[in-house]
Each structure stands twice: as structure tokens, then as C-alpha cells.
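# Structural overview for review
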4 protein chains.
Amino acid sequence: MNTENTSDKLEGIIVPMVTPLLSNGELDKKGTERLVRHLINGGVQGIFILGTTGEAASLKPAIKKELIEITCKEALGQLLVLVGITHTSVDVSMKIAKTAKENGADAVVAAPPYYFHLDQDDLFKYYIKLADQSPLPLFLYNFPIMTKSTIEPETVKRLSQHPNIIGIKDSSGNGVYYQKLLAIKKEKPEFSILIGPEEMLAQSVLSGGDGGVNGGANIFPGLYVRLFEAAKNRDIDLVNKIQPLILEISKNIYGCSPKTSSYLCGVKESLYYLGICEPHIAPPLQSVDTKAKETIVQNLEKIIFKIKSN
Amino acid sequence: MNTENTSDKLEGIIVPMVTPLLSNGELDKKGTERLVRHLINGGVQGIFILGTTGEAASLKPAIKKELIEITCKEALGQLLVLVGITHTSVDVSMKIAKTAKENGADAVVAAPPYYFHLDQDDLFKYYIKLADQSPLPLFLYNFPIMTKSTIEPETVKRLSQHPNIIGIKDSSGNGVYYQKLLAIKKEKPEFSILIGPEEMLAQSVLSGGDGGVNGGANIFPGLYVRLFEAAKNRDIDLVNKIQPLILEISKNIYGCSPKTSSYLCGVKESLYYLGICEPHIAPPLQSVDTKAKETIVQNLEKIIFKIKSN
Amino acid sequence: MNTENTSDKLEGIIVPMVTPLLSNGELDKKGTERLVRHLINGGVQGIFILGTTGEAASLKPAIKKELIEITCKEALGQLLVLVGITHTSVDVSMKIAKTAKENGADAVVAAPPYYFHLDQDDLFKYYIKLADQSPLPLFLYNFPIMTKSTIEPETVKRLSQHPNIIGIKDSSGNGVYYQKLLAIKKEKPEFSILIGPEEMLAQSVLSGGDGGVNGGANIFPGLYVRLFEAAKNRDIDLVNKIQPLILEISKNIYGCSPKTSSYLCGVKESLYYLGICEPHIAPPLQSVDTKAKETIVQNLEKIIFKIKSN
Amino acid sequence: MNTENTSDKLEGIIVPMVTPLLSNGELDKKGTERLVRHLINGGVQGIFILGTTGEAASLKPAIKKELIEITCKEALGQLLVLVGITHTSVDVSMKIAKTAKENGADAVVAAPPYYFHLDQDDLFKYYIKLADQSPLPLFLYNFPIMTKSTIEPETVKRLSQHPNIIGIKDSSGNGVYYQKLLAIKKEKPEFSILIGPEEMLAQSVLSGGDGGVNGGANIFPGLYVRLFEAAKNRDIDLVNKIQPLILEISKNIYGCSPKTSSYLCGVKESLYYLGICEPHIAPPLQSVDTKAKETIVQNLEKIIFKIKSN
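For clarity, every value in this text was computed on a predicted model and none was experimentally measured. (Residues numbered from 1 in each chain as written. Chains lettered and ligands numbered in written order. Predicted model: local features only at pLDDT ≥ 70, side-chain atom pairs only at ≥ 80, totals over all residues. Heavy atoms only, no water.)

On to the environment of Glu 152 of chain B. Residue and element names in this part refer to chain B. Here Glu 152 shows up in the loop between helix 5 (144-147) and helix 6 (153-159). Judged by its relative accessible area of 37%, Glu 152 falls in the partly exposed class. For Glu 152 and Lys 180, which are 28 residues apart along the polypeptide, the C-alpha to C-alpha distance reads 9.3 Å. Once residues within four sequence positions are removed from consideration, Glu 152 is found in contact with Gln 120 and Tyr 177. (Helix = DSSP H or I, 4+ residues; strand = E, 2+ residues; numbered from the N terminus. Buried < 20%, exposed > 50% of the residue type's maximum accessible area, 1.4 Å probe, protein only. Contact = heavy atoms within 4.5 Å.)

Rendered as C-alpha cells:
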């Protein structure tokens with residue numbers, strides 16, 4: 001954990017770390033180590049491994065275990081480590097949570113189980129079960145486009161009463177939903193509310209949110225830290241200066257292809273170009289084509305130039 | 001038009017005005033006049049009649065015409081008047097636009113046609129046709145949950161080049177989408193970008209948005225004007241003081257019933273309680289039950305008390 | 001009405017007639033007359049004008065009126081005439097119903113209002129209101145992908161008790177839903193249940209359904225009549241001989257383009273090629289491109305050849 | 001494998017077997033054995049374990065392995081055994097496939113990976129990878145409401161060329177889609193096309209489909225076999241006699257509660273009442289309430305009486 005972090009709540013930039021993979025589908029261990037150091041150097045508060053950006057759903061158990069071990073070894077003492085345990089089976093989630101605990105991670109993160117459609121009562125009982133059993137504090141993760149179930153604000157509020165549930169990452173992109181989450185902090189200020197989509201990072205923090213779990217921070221950790229701090233300091237002029245860069249990353253790096261993998265390839269190809277890790281992605285996602293990869297690099301160079309010129 | 005408005009763009013609070021109806025389904029003319037005066041007194045910048053809140057889709061042509069006439073007569077010189085022309089038929093939309101023009105309205109507003117599913121090319125050509133034919137400046141209206149079609153940011157950008165298209169109201173609730181819209185202002189600063197969901201009003205204005213088209217301003221016009229101005233002045237402390245009231249209106253007035261009509265009945269029952277107009281709604285929507293109506297009034301009284309105590 | 005029709009329920013092939021339009025957007029009156037005669041010659045049981053295929057949502061009131069007049073004049077005594085009154089406003093629907101009645105039409109057809117999301121209680125009360133007021137028998141029309149609301153089987157069952165509600169057209173494509181509709185006939189055998197998607201026509205009739213409202217019958221009325229009769233006579237070998245042609249029309253005529261208008265242009269370009277009416281479609285839909293139109297004609301010729309060879 | 005099965009394709013009733021669970025979440029082994037024997041006695045052609053009805057997504061690997069072992073031991077030589085390998089990770093799917101092979105199962109079944117949204121190109125490559133690696137023939141499984149991705153008919157057609165892909169189970173409920181699947185059999189008659197929703201079983205077989213994978217066959221295997229055979233023999237009068245019972249099971253057993261688990265509890269509570277296995281379900285699904293369970297039993301008794309009276 002970052003030694004400057006004297007607060008009792010999660011805040012700042014938590015990077016949803018990609019899982020570096022070799023062309024044979026195994027973990028790129030050296031790349032993983034370099035990536036963690038890159039993020040430490042970027043000054044972020046923590047990392048969230050085995051999330052959507054981390055392709056957790058596509059990985060076999062052995063890779064998950066390796067990733068937890070290497071990442072914790074490299075990061076602990078310098079970064080908060082959150083480990084995704086999202087799965088359709090409670091038992092499988094708990095197994096990952098135990099591995100996370102054994103390796104010293106700080107918390108676990110769970111989106112709703114993503115096969116069956118769940119109602120709010122199902123969701124509530126599911127999270128209570130996880131929270132009761134989890135050996136580490138539990139972070140909620142709302143991402144209805146992927147999981148089919150929204151954790152409604154009322155349900156989040158009820159769950160926030162559980163001593164082992166410490167916050168929520170909202171990747172819905174829904175600005176109304178996010179404002180309703182913030183209302184929960186009135187009664188439990190230490191409940192941490194982080195935003196997924198980086199386009200909304202600044203506004204969420206200006207509203208009272210606690211930070212972001214933003215994919216672009218894999219590439220440019222320092223940029224997102226600066227944006228977070230500008231918003232936290234209510235320096236709207238600085239926010240307005242950085243925000244166009246964030247939108248340019250979104251449009252020109254993530255939006256390079258119509259394929260589902262466009263965002264993920266945007267991040268991984270950028271890291272590859274920067275010499276940090278291999279660019280491969282796991283099936284069932286298929287990589288973008290060569291032309292899209294070239295576009296990513298060209299657009300990345302422009303963004304790097306702008307960041308340096310700032 | 002408000003005489004203080006020396007800007008060349010639409011900004012501030014534009015009230016999406018309800019259509020006061022009698023129990024026999026005809027227009028509540030006296031109520032309409034009182035409502036317009038209530039909004040003028042509240043200090044709002046303008047009104048948007050015949051939108052979703054105005055139940056335009058449910059009204060027969062004769063009522064639409066009457067409403068335009070009475071509202072323009074009462075409001076012009078003091079409020080901007082925007083008239084909804086959203087319809088599945090271009091010819092019908094243009095007929096309403098002509099009536100709006102004849103009565104001195106300032107602009108027309110059109111969401112995508114809501115029967116057929118339209119792609120971006122269809123939408124672009126549709127709006128160009130409207131903008132070419134419309135005798136008044138055209139405001140776009142994005143509301144995909146109702147119309148099934150999102151006007152993508154790239155399409156909005158292309159449309160913003162048309163001299164007769166002056167802005168967009170975004171009711172998607174999507175915070176990422178809204179940030180992408182704001183990027184259009186870099187090239188065309190006078191393009192007006194208003195937010196629909198009032199929960200997002202303050203944040204949107206802090207981000208550089210131009211204001212809101214917020215249903216609650218029917219009831220409490222002054223409150224929304226204060227919130228808009230606080231955000232415009234970057235007075236975040238004041239924003240944070242008002243925002244809980246906005247969320248309370250959303251939760252306790254609009255959320256009084258599980259029925260689709262819950263929001264609309266929340267607004268209309270509140271106006272009825274305040275002695276402004278009749279509470280009836282048009283089919284196919286059905287009113288909430290008596291218990292929900294009582295809840296609205298109780299919750300409204302609490303909110304009024306809090307506003308006065310502020 | 002077809003004189004052979006001695007039954008007291010609607011059955012057979014009811015053609016969801018396209019609305020022939022000139023390039024200036026006005027009604028192609030001569031084309032309309034030719035189309036009606038083409039359908040009479042094809043031996044169909046009736047026509048359904050101003051439905052989805054009829055582009056009702058895109059047409060101005062004057063064209064709707066003209067179409068009703070011309071069609072009724074040409075068709076009555078030889079075909080059942082059903083008139084679509086689907087609209088978001090009850091008053092507008094009733095105005096069309098009156099015109100239909102005045103011109104001698106046999107029934108009206110209404111899908112749910114397609115702007116607001118409606119629950120089953122809203123839908124039930126809406127249809128009771130229509131049925132009470134309608135001067136002609138009312139046919140329900142389930143098409144959730146367009147209207148956002150499904151008329152649930154339980155609601156259809158309750159509505160089927162109303163003396164002025166005579167049947168339902170189901171365009172959902174949902175085979176489970178259709179089987180549940182058929183169960184309603186146990187208690188009210190004269191309640192007519194027609195299928196929209198022509199790919200399901202034969203199976204629906206084998207199951208006990210009453211026929212189809214199938215777009216391809218605009219082009220090849222006789223083919224669909226033969227398929228209906230084969231299924232009604234439980235001549236499965238003949239069904240299996242015709243069914244591939246139906247699927248070929250669906251795939252190669254309707255599926256000629258990725259645009260939303262692909263189905264509609266498939267039908268209208270085919271009728272144009274056959275010398276029956278003009279091919280233009282109304283905004284907001286945009287026509288398919290020239291290449292797709294050429295493909296339609298080529299595929300149409302192949303299908304005509306196969307039909308003749310049969 | 002059933003010794004009467006001399007055909008080279010899968011046809012008839014393949015039961016999507018529930019996974020009997022004890023109250024502690026472990027496998028109800030005795031119940032599993034009894035259930036398999038119940039199905040053998042019912043005369044079905046095969047069983048499909050670890051599907052949606054089998055709650056595969058909710059089970060830990062150890063239970064899946066046990067279930068495969070016990071089921072294969074009990075069933076082989078008398079029933080075809082298909083094993084679900086649906087998972088978001090290819091490696092995990094292959095591990096289950098190997099276990100299935102080792103235990104003598106006949107085929108594996110895979111729905112699309114259900115976390116990421118996949119396009120048709122992703123899906124095609126995914127299934128080719130599975131088919132290349134799988135030690136057993138692969139059956140496709142289309143269930144878009146659960147997996148978010150439809151395997152489009154054109155993609156199924158291309159996949160049907162792979163020597164290790166032998167058929168598809170369609171649980172979409174989409175009657176048009178099913179008819180398009182049937183067209184694939186023109187070129188590859190041995191490609192097996194089974195229907196998921198039992199309400200559509202008879203019609204699908206009359207259309208040329210090969211049978212059903214129907215949940216109700218867990219309870220009443222013989223009833224579904226009779227319906228399949230009636231349809232295969234084109235005995236429409238017998239079909240029409242059995243079909244109301246199928247709809248009654250659907251409505252009164254599966255539809256006993258508004259909860260997501262209603263269908264699953266309907267099947268498991270029925271089996272419990274019949275003394276076959278324990279009724280428990282795995283989280284994240286929550287069981288229906290006591291009242292719903294009582295309703296299931298009452299409705300079940302009525303259905304049993306009707307079946308016996310037939």
C-alpha cells in the first residue's frame with residue numbers, strides 16, 4: 001500500500017491492469033513486472049487486476065494465480081492491490097479471494113455473476129454471501145452492459161452497511177446512477193465510489209467521487225493522476241486543459257476499430273509500442289487488424305507529443 | 001425572449017413544460033397561463049413545450065396548436081420558447097414547425113423518429129432535411145431509450161455544421177456521451193449543449209455544458225436556476241448544498257410509483273398541489289394510484305420546507 | 001369481403017400492403033389501384049393497409065385518408081380490408097378509424113403506442129379504450145421490437161373477452177409466445193391469430209393458427225395462399241416444397257442490404273420491377289443503394305423462374 | 001448410446017438434466033443416479049448435462065467432474081451423453097471436454113462465451129478453435145438472452161462444414177431463426193437441429209427439426225418422447241392432444257413465481273415431490289418462496305392426473 005495513503009478509504013487512480021500475455025497464451029511475466037513498475041513510477045494509488053480490462057473471464061485458473069503472485073510481489077508496499085473475483089460460481093470466486101489474501105492483496109472486487117439474470121434480491125443475497133465469506137474487504141463493481149444486472153442504488157446502499165463492503169466501481173457510464181451513488185456517502189463517507197469510464201473521471205471527482213479505475217492509466221498513469229488531483233483541488237481550468245487529452249485517448253486509441261476488442265487492443269498495443277509488455281489478447285476476443293494497430297501507434301505518438309508539450 | 005439574454009447561444013434553464021390537461025382530455029388553458037407565469041417568475045431562461053414531459057406523442061393536433069398559441073402569447077418577450085416537433089412523419093413535424101413560427105417561437109426541437117430503427121446515415125439525412133425545411137432554428141434531442149436511435153457524437157458534430165442546427169438536448173443519461181458532445185464546442189462554441197436528467201445538471205455545467213432541460217423546474221424553477229448559476233460560477237460548495245435537494249426531488253417525487261407515469265405524475269401532482277394546474281395525464285399513460293399521489297404531496301411538503309429553510 | 005368467406009373469423013392470407021409513393025412523396029394512386037387488383041387476382045383473403053410495411057408512421061394524414069379511400073373502393077366486395085390505426089395518440093387513432101368506417105373497411109388494427117414504455121395494465125386499459133370507442137372491430141398487433149411493449153399472452157386473453165376485439169397479428173417472431181396465444185383459442189375459437197413473419201407461416205397454421213400477414217404476399221400473393229392452404233390441409237410434403245422459396249424471398253429479397261429499409265425496399269423494388277407501382281419510400285427511411293436494387297432484381301428473377309417451374 | 005439409434009445424427013429427446021444438489025451445495029449423488037434411471041425408463045434418447053438447466057455456470061469444477069463421472073457411469077450404453085463445456089475461457093472449456101471424453105461421453109455442447117460481446121467473426125473463430133481442439137464432437141448452443149451473442153444462421157452454416165461440429169441446440173425462441181437453421185440441412189442433412197423451448201418442440205419437428213432439449217423432460221420424459229414421435233409421424237391430432245399439457249407445464253410449473261429461478265425451481269421441486277432428488281439450487285440464484293413451492297406441487301398433481309387420464 002502506498003505509504004502516503006493515510007486515509008481510511010480507497011481514493012485516487014486505481015489502474016485496471018491489463019494481463020500481459022505471450023503469443024502462446026501464457027502469462028508474460030517479465031512484461032507484468034515492467035508494467036507494475038511503470039504504474040508505480042506513474043504515481044498511481046493502486047491497481048485492480050483480473051477485471052474486464054484484465055480479461056479475467058478469458059483466463060484459466062493457473063494464469064490468474066501466477067498473475068496474483070507476481071503482481072503482489074512487485075507492487076505491495078507501493079501500491080494498493082485489488083483482485084477481481086468476478087465469476088458465475090461463488091466457490092470459484094472464493095478460491096481466487098483466498099489466493100489474493102495469501103499473497104497480501106488489499107481487497108477483492110466482484111461484479112454480479114454474468115450468466116443468469118438476477119433481480120435485486122438475488123444480488124443483495126449474493127453480495128452478502130461473498131462479503132461474509134471473503135477473507136479480504138469487498139469492492140462492488142457495477143457493469144450492466146457486461147453482466148446484465150444493475151446493482152441498483154438502493155441495493156448498494158443496503159450493502160454499504162456490511163462491514164466488509166468498502167466501495168463500488170461504477171462502469172455503467174450512467175451519470176444519473178453515479179449521482180445517486182454519491183448520495184450514499186452522506187451516511188457512510190468512507191464508502192469509496194470510483195468511476196470506470198475515464199471520460200467521466202474529472203466530473204465524478206468534482207461531484208465528490210473518490211477517483212477512477214481507468215484503462216488509459218495503464219499507458220499514461222501520470223496523466224490520470226494529474227487529472228484526478230486537478231479535480232480534487234477543484235482546479236477546473238487545469239481539468240479543462242487535460243480533459244481533451246483523455247477524450248483523444250478514448251477516441252483515437254480505443255476507437256481504432258469497430259471490433260469489440262478495440263479498447264483492449266488500444267491499450268495493449270500502446271504498451272507494446274512503449275516496450276512494456278507483449279500485445280496479445282486471449283480468445284474469445286480477436287485482435288484488431290494490422291491497419292488498426294498502425295493507427296493506434298500513429299495516434300499514440302501524437303498524444304505523447306501533446307502530453308510532453310503540456 | 002428574456003431581455004437579459006444577450007448571448008447568441010441558448011443557455012441556462014429551459015423548462016420542459018408539462019401540458020396541463022382537463023379531466024376530459026382538453027387543454028387546461030388557465031392552468032397553462034398560470035404555469036407560464038410561474039416559470040417566468042422563477043427566472044428561467046426559456047421553456048420547451050411539446051417534449052416528452054409535455055406528452056406530445058399523446059396529444060391530438062388541435063391541442064398542440066392551442067398550446068403553442070397560449071404559451072407563446074404568455075411567454076414571448078420574457079422567455080425563450082422552444083417547440084417540440086418530434087414525430088415519425090417529416091410532414092407532420094413541419095406542420096408543427098410552421099405553427100411555432102407563426103406564433104413567434106424561437107426554435108424547434110426534434111428527437112429521432114421513434115418507430116423505425118434508424119442508422120447514423122438515416123439520422124443524418126433526416127436531420128438535414130428537417131433543418132433545410134424548418135422555418136425556425138433546430139435543436140437536436142437525444143433520447144435513445146424512447147426513440148431507439150442514438151445520435152452518435154460524430155453525427156452530432158457533422159450536423160452542427162448546418163447553419164440552422166443550433167444545439168442538442170441530451171437525455172440519454174450517459175456521462176461518456178455527454179463528454180463527447182462537449183468536445184464539439186471546441187470548434188463551434190455557440191453550439192448549445194443542454195442536459196436532460198437534472199441529477200446531472202450541475203456536473204454538466206461544471207464540465208462546460210450550457211444548462212439543463214429539467215422536469216423539476218416546472219415545480220421549482222428558481223431552485224434549478226440557482227443550481228445552474230452556482231455551477232456556472234464554479235461555486236462547488238453551493239452546488240453541493242443544492243444537489244441533495246435535486247436528488248430528493250428525483251427519488252421522492254418522481255420515484256413515487258413503479259409505473260411508467262411516475263415521473264410525469266410526480267410533476268403534475270406537485271403543480272396541482274401548488275394550485276397551478278390540473279393533474280390529469282393523457283392516455284396511453286395511466287395515472288399513479290391514490291396512495292402514490294398522497295406520498296407525492298407529503299414528500300413535496302418536506303422539500304418545500306427544506307428549500308425555504310435554505 | 002371475399003364471397004367464399006363464410007367463416008365468422010379472419011383467416012388466410014391478409015397482405016400487409018405497401019403504400020405506393022411517387023418520388024415527390026405523394027400517393028401513387030394508379031400504382032395503388034394496380035396493387036390492389038394484383039392482390040385480388042392472387043386470391044388472398046384480405047389486405048392490411050397502414051401497417052409497418054405500409055409505412056404508416058411516416059405518412060401525413062392526407063395520404064392516409066387517400067389510401068383508405070382508393071383501397072376500399074378498389075377492394076371492397078372482393079377482399080377484407082383492415083386499416084392500421086396504430087398511433088401514440090388515441091384521438092388520432094380514432095380519427096383514422098372513423099375514416100376507415102366511412103369507407104366501408106372491415107376492421108382496424110392497432111399495435112401498442114410506441115413512444116412511452118407501457119406496462120400490462122397500461123396496455124390493457126389502452127386497448128379497452130380503443131375497443132370501446134372504435135366503430136369497427138379491433139385487431140391487436142404485437143410487435144415489441146418496434147413498439148417496445150409486448151402484449152403478454154395473459155393480457156391478450158383478457159382482451160379477447162371484449163366483444164369488439166377479434167384477433168391478433170403477432171410479428172414478434174417468438175415461437176413460444178405464439179404457442180401461448182394459440183391456447184386462447186381453446187376458450188374462444190373465433191379469436192383470429194395471424195402470424196407476421198412469413199418464415200413461420202406454415203408452422204403457425206399447422207399449429208392451429210389462422211393465417212399470415214406476410215409482406216412477401218405483396219409480390220407473390222398466390223404463393224402465400226398456396227402455402228397457407230397446404231398447411232391448412234396438413235399437406236406437409238407440399239409445405240416442405242414451398243417453404244424454401246419463402247426462405248429464399250426472405251434472404252435474397254429482404255436481406256439485400258444491411259440498411260433498416262432493406263425489407264421494405266425489397267418489396268417495393270420487386271413491385272416496381274413487376275410494373276405494379278413506384279418504388280419510393282418515405283423518410284426517415286432511406287432507400288438501399290443501386291447495387292442492392294440490382295441484386296434484388298436479379299434474385300427476384302431467379303425466384304420467379306423457380307415459382308413458374310414448380 | 002441407445003442401441004436403437006442406428007441413425008448417424010442426434011435426434012429425439014435429449015434431456016437438459018438438472019444437477020441434483022444437497023443443501024450444503026454438494027452433489028446429490030444418489031439423486032443423480034435416480035434421475036438418470038428415471039430418464040432411461042422414460043425412453044429418451046439422451047441427456048445433456050451441465051447446460052443452463054444444469055446450472056453449470058454456478059458450479060465449482062469438482063462438482064462438474066463428479067457429475068460427469070456419475071452420469072456417464074449410469075447412462076452409457078443406454079443414453080447418449082452430451083456434456084456442456086460453455087465457459088468464458090477456452091482452456092477451462094477444454095478441460096471439461098477432456099473429462100467428458102475420459103468418461104465416455106458422446107459429445108460436448110458450447111454456447112458462446114458470455115462475458116464479452118462477440119461479433120460473428122469472433123464467434124466463428126472461437127468455435128473453429130473449440131472444434132479443432134475438442135476430443136469429442138461439438139454441438140453448438142444458441143441462447144442469446146443469456147450469452148448476449150446470437151450465432152447467426154450464416155455463421156452456423158459455415159461452422160456446419162467443420163467435421164467435428166455436428167449440430168445446434170437453439171434456445172432463442174425465435175421462430176424465424178429456427179426456420180433459417182433448418183435450411184442448413186438441405187446441404188448437410190446429418191447436421192442435427194434441436195429446439196430448446198418445449199412449447200416449440202412439436203412445430204419444430206413438423207418443420208423438419210430433429211428433436212428437443214426440453215427441461216420438462218426431466219419430470220415427464222415419456223410425455224416429451226410421445227410428443228416428439230407424434231410430430232415425427234405427422235400425427236397432428238395427437239400433437240394437438242399433447243400440446244396443451246406442454247403449455248400447462250410451462251405456465252403452471254415454470255411460471256409459478258416472478259423470480260429468475262422460477263423455471264429451475266419448477267423442475268427441481270417437481271423432481272423432489274416425485275422422490276427423485278433434492279430440490280436445492282446453487283447461488284447466485286435464490287429459490288422461490290414456500291407459497292410458490294406449494295403451487296408447484298398442486299399444479300404438478302393436476303398435470304400428473306391429466307397425463308394418466310390420457
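The partner chain A presents 36 residues to the 36 residues of chain D that form the contact. Of the roughly 3400 Å² buried between chain D and chain A on both sides combined, carbon and sulfur atoms contribute 61%. The interface formed by chain D and chain A holds 6 salt bridges in total. Note that Lys 259 of chain A and Asp 119 of chain D form a salt bridge whose closest N and O atoms lie 3.1 Å from each other. (Buried area = accessible area lost by both parts, 1.4 Å probe. Salt bridge = Lys/Arg side-chain N within 4 Å of Asp/Glu carboxyl O.)

Bringing the relation of the copies chain D and chain A into the picture now. Note on the copies: chain D fits chain A at an RMSD of 0.0 Å, the axial shift is 0.0 Å, and the rotation between them is 180 degrees. Such a turn and shift between the copies fits a two-fold axis. When each C-alpha of chain D is compared by its distance to the rotation axis, Tyr 114 of chain D comes out closest, at 3.6 Å. An overlap of 100% is found between the interface residues of chain D and their copies at the interface of chain A, pointing to a shared contact surface. (Least-squares fit on C-alpha atoms with pLDDT ≥ 70 in both.)

Here we come to the relation of the copies chain B and chain C. Rotating chain B by 180 degrees and translating it 0.0 Å along the rotation axis places it on chain C, where the RMSD comes to 0.0 Å. A high fraction, 100%, of the interface residues of chain B reappear at the interface in chain C, so the copies pair face to face through one surface.

This part covers the sheet that holds strand 6 (residues 165-170) of chain C. Residue and element names in this part refer to chain C. Read around the closed barrel, 8 strands run 1-2-3-4-5-6-7-8, paired in parallel fashion. With 3 bridges connecting them, strand 1 (residues 12-16) and strand 2 (residues 46-49) associate as parallel partners. Opposite Ile 14, over in strand 2, you have Gly 46 as the bridge partner. (Pairing = 2+ DSSP bridges.)

Quick look at the interface of chain B and chain C now. Chain B puts 36 residues into the contact, and the matching count from chain C is 36 residues. For the pair chain B and chain C, the summed buried area comes to about 3400 Å², and 61% of that belongs to carbon and sulfur atoms. The largest share of the area that chain B buries against chain C comes from Tyr 115, Phe 116 and Pro 284 of chain B, three residues that together contribute 22% of it. Taken together, the links from chain B to chain C amount to 6 salt bridges.

Quick look at the sheet that holds strand 7 (residues 192-195) of chain D now. All names here are of chain D. Around the barrel, which closes on itself, the 8 strands sit in the order 1-2-3-4-5-6-7-8 with parallel pairing between neighbours. In the packing of helix 2 (residues 61-75) onto the sheet, contacts are made with strand 2 (46-49) and strand 3 (80-84), and the angle to strand 2 comes to roughly 175 degrees. Contacts from helix 4 (residues 120-133) reach strand 4 (107-110), strand 5 (138-142) and strand 6 (165-170), with the element oriented near 150 degrees to strand 5. (Axes fitted to C-alpha atoms, helices over the stretch in contact; angles between N-to-C directions.)

A word on the packing of helix 11 (residues 262-273) of chain C against helix 12 (residues 290-309) of chain C. Describing two packed helices takes the angle between their axes plus the distance from one axis to the other. All names here are of chain C. For the pair helix 11 and helix 12, the least separation of the axes is 10 Å and the interaxial angle reads 70 degrees. Judged by the inter-axis angle, helix 11 sits roughly perpendicular to helix 12. The way helix 11 lies across helix 12 gives a crossing that is right-handed. Judged by residue contacts, Cys 265, Gly 266, Glu 269, Ser 270 and Tyr 273 of helix 11 engage Lys 293, Ile 296, Val 297, Leu 300, Glu 301 and Ile 304 from helix 12. (Parallel < 35°, antiparallel > 145°, perpendicular 65-115°, else oblique. Left-handed = near helix turned anticlockwise from the far one by under 90°.)

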